Amino acid sequence: VRSRRQRQMCIRDRIDALDNGPLAGNTIVVLWSDHGYHLGHKQHWEKRVLWEQATRVPLVIADRRIDTAGQRCDRPVSLLDVYPTLADLCDLNSPKHVEGQSLKPLLVNPLAPSERAVVTTQAKGNHAVRSKNWRYIRYGDGSEELYDHRNDPQEFHNLADKPGNSDVIKQLAVHLPATDAPMDPVQKSKAEETEAIQRVVVSLAGDRRLDVFGVDAERRLKLETQTSLDGGPGASLFDQTGRHLYLSLIHI
């Protein structure tokens, strides 16, 4: 496992090799990563949510022909934009079925005005819409969340039910998908096979133990395994009282 510094040096070595090679003036560099992670923020652990911290990714696009290098753009964009952006920069046409928009206008002028909002989906029926100032989430059960990033960048205050925000919600809701894409048949079959298999994972601080319980057909818990967490809590999250703070239902 490489350290952060080792990864940075590895990337730097590749950029240096490109700069010193024959293709330096004919190469577009796009750098992005996996999306974010929660380690207790909003009392959540892991990725699979629609909040800002878990859905953002770093995105860097470098083209020597564009002279705005090193500038930052704070407009919301999507990873669906990578394909049409590269096609545009290479003077190619994107197929009609390709979603997303070319980011070339923002590369040329990172401060260009934009009223665009982008969508993130997490499982069927759950969608988030992110504009420059707002994040609106609607879940499959109809519940909603609304966050004002100008005043609440950590998304601690849900404003969906506050008076006066109905117009904002209406403006953002028009970007929600009208339908969900059908699940891949193979994945659907696997999901149906394992739908009844659940595990409850409880992290306990007192004796540094990880307990895994099964849930039977009658919804009763049965202790399956106990794993020692010698050397510290690791990825588990504990509060100041030493009581467990993380409790999650997961499908396997």
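In this text, all values refer to a predicted model and were calculated from it rather than measured experimentally. (Residues numbered from 1 in each chain as written. Predicted model: local features only at pLDDT ≥ 70, side-chain atom pairs only at ≥ 80, totals over all residues. Heavy atoms only, no water.)

Caption draft 1: Summary view of the overall build of the protein chain. Counting its secondary structure elements, the protein chain contains six helices and twelve strands. Within the protein chain, the fraction of its 252 residues that count as buried is 29%. Residue pairs at least 24 apart in sequence account for 44% of intrachain contacts in the protein chain once pairs closer than 6 positions are excluded. Summed over its atoms, the accessible surface of the protein chain is roughly 17,600 Å², and 52% of this surface lies on carbon and sulfur atoms. (Helix = DSSP H or I, 4+ residues; strand = E, 2+ residues; numbered from the N terminus. Buried < 20%, exposed > 50% of the residue type's maximum accessible area, 1.4 Å probe, protein only. Contact = heavy atoms within 4.5 Å. Areas by Shrake-Rupley, 256 points an atom, 1.4 Å probe, with all protein chains shown as cover.)

Caption draft 2: Spatial organisation of helix α3 (residues 82-89). Taken together, the buried positions of α3 are Val82, Pro84, Thr85, Ala87 and Leu89. Tucked inside the fold, the buried residues of α3 contact β1 (28-32), β4 (59-63) and α4 (104-108). Residue Asp91 follows α3 closely and has a positive phi angle near 60°.

Caption draft 3: Region of the structure containing the sheet that holds strand β8 (residues 144-148). Read from one edge to the other, the open sheet built from four strands follows the order β5-β6-β7-β8, with strand pairing classed as antiparallel. Both outer strands of the open sheet, β5 (118-121) and β8, are each paired with one neighbouring strand and no more. Taking the axes of each pair of neighbouring strands and ignoring which way they run, one obtains an average angle of 15° across the sheet. Pairing of strand β7 (residues 134-138) with β8 involves five bridges; the strand directions are antiparallel. Following the sheet pairing, Arg138 is matched in β8 by Glu144. (Pairing = 2+ DSSP bridges. Axes fitted to C-alpha atoms, helices over the stretch in contact; angles between N-to-C directions.)

Caption draft 4: The packing of aromatic side chains, seen in detail. Under the criterion given, the structure shown has zero aromatic pairs. Against the face of Trp51 rests Lys42, its NZ or CZ located 4.3 Å from the ring centre. (Phe/Tyr/Trp six-rings, centres within 6.5 Å; stacked < 30°, edge-to-face > 60°. Lys NZ or Arg CZ within 6 Å of the ring centre and 35° of its normal.)

Caption draft 5: Focus on the side chain of Glu145. Within the secondary structure, Glu145 is located in strand β8. Within the buried core, Glu145 has no salt-bridge partner, and the shortest N-O distance to an opposite charge, that of Lys42, equals 5.1 Å. Within the structure, the side chain of Glu145 is placed 2.9 Å from the side chain of Tyr139, a separation counted as a polar contact. When neighbours within four sequence positions are excluded, Glu145 is seen to be in contact with Trp51, Arg135, Tyr136, Ile137, Tyr139, Asn158 and Ala160. (Lys, Arg positive; Asp, Glu negative; His and termini not counted. Salt bridge = Lys/Arg side-chain N within 4 Å of Asp/Glu carboxyl O. Polar contact = N/O pair within 3.5 Å; in protein donor to acceptor, adjacent residues only side chain to side chain.)

Caption draft 6: Seen up close, the pairing of β8. Across the five residues of β8, four count as buried, placing the element largely inside the fold. Counted between consecutive antiparallel strands, the loop separating β7 from β8 contains five residues, among which Gly142 sits at a positive phi close to 95°.

Caption draft 7: Quick look at unusual backbone geometry. With a phi angle near 60°, Asp91 is a residue other than glycine that sits in the positive phi range. Turning to its location among the elements, Asp91 is positioned in the loop between α3 and α4. Phi is positive for Ala123, close to 70°, though the residue is something other than glycine. Note on Ala123: relative accessible area 47%, which makes it partly exposed.

Caption draft 8: Up close: the environment of Arg72. Relative to the helices and strands, Arg72 is located in the loop between β4 and α3. On the basis of relative accessible area, Arg72 is assigned to the exposed category, the value being 72%. A sequence separation of 39 residues divides Arg72 from Leu111, and the C-alpha atoms of the two residues are 8.7 Å apart. If we ignore the near neighbours within four places in the chain, the residues touching Arg72 are Arg56 and Pro110.

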